[in-house]
Amino acid sequence: MLLIRHFEEALVALHEQGHFSGHYHVYIGQEATGVPALADLAPDDALFATHRNHGHLLARGADPGRLFAEILGRRDGYNKGKGGTFHIAAAGLGFYHTTGIVGGNIPLATGAAYAAKTRGTGALSVCLFGDGAMEEGAAPEAFNIASLWKLPVLFLCENNGKYGANKAVGAAQSSTMAAYPLTELPGLYKIPAVQIDGTDVGAVFNAVSEATGRIRRGEGPQFIEAQSVRWPGSEGNWPVLPVATNVNLAWDASPVPESKRDWYRSSDPVLIFIRELVAAGVATREQIAEVEKSVKAEISQAVQFALASPFPEPAEALRDVFA
Ligand SMILES: Cc1ncc(C[n+]2csc(CCOP(=O)(O)OP(=O)(O)O)c2C)c(N)n1
Ligand SMILES: [Mg+2]
């Protein structure tokens with residue numbers, strides 16, 4: 001979780017320094033969903049993520065240097081710099097596609113589940129998407145066929161709207177969906193669906209383990225809505241850091257500007273988990289600070305790796321590109 005946080009904060013700095021252009025999204029504030037959700041999968045399970053994909057890739061073990069290189073359009077990136085932030089694929093990690101097309105990965109993950117079932121591989125598909133993807137027509141179409149054919153797919157909806165962009169409609173809803181709670185939509189298609197606190201590492205791990213257990217026993221698709229509170233740095237069009245995270249913020253949030261402090265005090269999943277580990281006697285503050293120190297060193301090396309990687313030659317522009 002700290003690796004994701006420091007990767008994303010370094011990425012904001014790289015963008016501000018002009019090392020890449022175009023729109024991008026960061027996973028800050030959702031680390032407690034992606035990390036435990038992907039912790040217990042099998043190597044040949046298929047994963048499909050969104051425009052907010054960096055955290056998922058890192059959670060699955062992606063190399064931070066190659067990931068930075070891809071986002072910066074460099075030759076050593078996962079897709080030789082041609083995928084960019086929105087369309088990173090890392091088949092070796094099971095990520096066949098990540099996409100800027102909201103909702104586009106839901107039928108793709110369902111198709112991969114159909115392939116796994118047809119071939120009898122025992123693999124499952126994990127489809128990660130935001131609450132906004134639920135409004136796309138492709139979502140209920142995929143829910144329907146997945147349920148009818150009992151396909152091995154986990155639909156993991158990350159609802160980051162809680163108290164954030166959609167303060168007006170309340171905790172369990174989404175600003176983009178008339179249907180609520182969101183679990184009712186897959187429920188209509190008879191897909192078992194639960195809502196959980198996406199900032200609670202243990203709750204996410206348990207819910208995903210239960211769901212994947214049912215899928216592997218042949219019970220068909222499952223749906224989880226993991227709720228988190230939108231990071232205040234993602235409120236505008238571009239990510240802006242209110243503060244550089246360090247583990248001491250878990251006990252003293254005073255370095256955060258006052259208007260953004262509440263989120264770091266009560267909704268930051270990384271700081272929540274740090275307090276939980278210390279309170280449970282699993283780790284000391286000093287041990288966690290050591291982890292953060294080594295993560296920061298790894299990230300700074302990864303940034304150097306990416307900046308040293310060359311841009312692809314113009315003549316390579318259409319190589320390995322399919323339409
Ligand atoms: C098909 C499609 N429609 C619209 C957009 C523009 N768009 C980019 S991100 C976004 C919001 C997505 O919300 P959500 O799925 O909840 O993801 P979040 O950004 O909150 O993680 C939209 C509408 C898009 N990329 N693709
Ligand atoms: Mg959202």
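Described below are features of the structure shown in this document. (Residues numbered from 1 in each chain as written. Chains lettered and ligands numbered in written order. Predicted model: local features only at pLDDT ≥ 70, side-chain atom pairs only at ≥ 80, totals over all residues. Heavy atoms only, no water.)

With that settled, consider the environment of Lys-82. Summarising the element assignment, Lys-82 is placed in the loop between α4 (64-71) and β2 (95-98). A relative accessible area of 31% means that Lys-82 is categorised as partly exposed. Along the primary structure Lys-82 and Leu-318 are separated by 236 residues, whereas in three dimensions their C-alpha atoms are 9.2 Å apart. Excluding residues that lie within four positions of it along the chain, Lys-82 makes contacts with Glu-70, Glu-316, Ala-317, Arg-319, Asp-320 and Val-321. Of note is the side chain of Lys-82, whose polar atom sits 2.6 Å from the backbone oxygen of Arg-319. (Helix = DSSP H or I, 4+ residues; strand = E, 2+ residues; numbered from the N terminus. Buried < 20%, exposed > 50% of the residue type's maximum accessible area, 1.4 Å probe, protein only. Contact = heavy atoms within 4.5 Å. Polar contact = N/O pair within 3.5 Å; in protein donor to acceptor, adjacent residues only side chain to side chain.)

Quick look at the packing of helix α5 (residues 105-119) against helix α6 (residues 138-148) now. Taken N-terminus to C-terminus, the directions of α5 and α6 make an angle of 20°; their axes are 8 Å apart at the nearest point. Put simply, α5 runs roughly parallel to α6. α6 is crossed by α5, and the crossing has left-handed handedness. Each of Ile-106, Pro-107 and Thr-110 in α5 lies in contact with α6, whose residues at this interface are Ala-138, Ala-139, Ala-142, Phe-143, Ile-145 and Ala-146. When grouped by side-chain class, the residues that make up the contact of α5 with α6 number eight nonpolar, one polar and no charged. (Axes fitted to C-alpha atoms, helices over the stretch in contact; angles between N-to-C directions. Parallel < 35°, antiparallel > 145°, perpendicular 65-115°, else oblique. Left-handed = near helix turned anticlockwise from the far one by under 90°. Nonpolar A, V, L, I, M, F, W, Y, C, P; charged D, E, K, R; others polar.)

Take His-25: it is sitting in the loop between α1 (2-16) and α2 (31-38). Among the residues examined, His-25 registers a relative accessible area of 15% and is labelled buried. When neighbours within four sequence positions are excluded, His-25 is seen to be in contact with Glu-8, His-51, Arg-52, His-54 and Phe-86.

Before going further, it helps to examine the site of ligand 1. Surveying the vicinity of ligand 1 reveals the residues His-51, Arg-52, Gly-100, Ile-101, Val-102, Gly-130, Asp-131, Gly-132, Ala-133, Glu-136, Asn-160 and Arg-230. At 2.8 Å, a side-chain N or O of His-51 approaches an oxygen atom of ligand 1. Contact between ligand 1 and Arg-230: an oxygen atom at 2.8 Å from a side-chain N or O atom of the residue. For ligand 1, whose accessible area on its own is 580 Å², the fraction buried by protein is 61%. Within the shell around ligand 1, the residues separate by chemical class into three nonpolar, five polar and four charged. (Near = heavy atom within 4 Å. Areas by Shrake-Rupley, 256 points an atom, 1.4 Å probe, with all protein chains shown as cover.)

Attention now moves to the coordination of the magnesium ion (ligand 2). All of the protein donors around the magnesium ion (ligand 2) are Asp-131 (OD) and Asn-160 (OD1); their distances to the metal are 2.2 Å. In this pair, Asp-131 sits in the loop between β3 (125-130) and α6 while Asn-160 sits in the loop between β4 (153-159) and α7 (184-188), placing the two residues 29 residues apart along the sequence. In this pair, the class of Asp-131 matches that of Asn-160, namely buried. (Donors = N, O, S within 2.8 Å, 3.2 Å for Na, K, Ca; no water.)

Regular strands show a simple pattern: their side chains alternate between the two faces of the sheet. Here β3 lies mainly inside the structure; five of its six residues are buried. In this sheet, β3 lies alongside strand β1 (residues 46-49) in parallel orientation, the contact comprising three bridges. By the bridge assignment, Leu-47 is partnered in β3 with Val-126. Two strands pair when backbone bridges link them, and β3 and β4 are joined in this way by six bridges, in the parallel orientation. (Pairing = 2+ DSSP bridges.)

Below, the discussion takes up α5. Every α-helix winds through 3.6 residues per turn, so residues three or four apart in the chain are directed the same way. For α5, which comprises 15 residues, the first-to-last C-alpha distance of 21 Å matches the rise-based estimate of 21 Å (1.5 Å per residue) to within 8%. Among the residues making up α5, those that are buried are Asn-105, Ile-106, Ala-109, Thr-110, Ala-113 and Ala-116. The buried residues of α5 all sit within an arc of 140° when viewed along its axis, so they share a single face. Away from its buried face by more than 90 degrees, α5 exposes Thr-118 and Arg-119. Residues of α5 that are buried sit in contact with β1, β3, α6 and β4. Of the residues trailing α5, Gly-120 is marked for its positive phi of about 65°. (Expected span 1.5 Å × (residues − 1). Arc of directions from axis to C-beta.)

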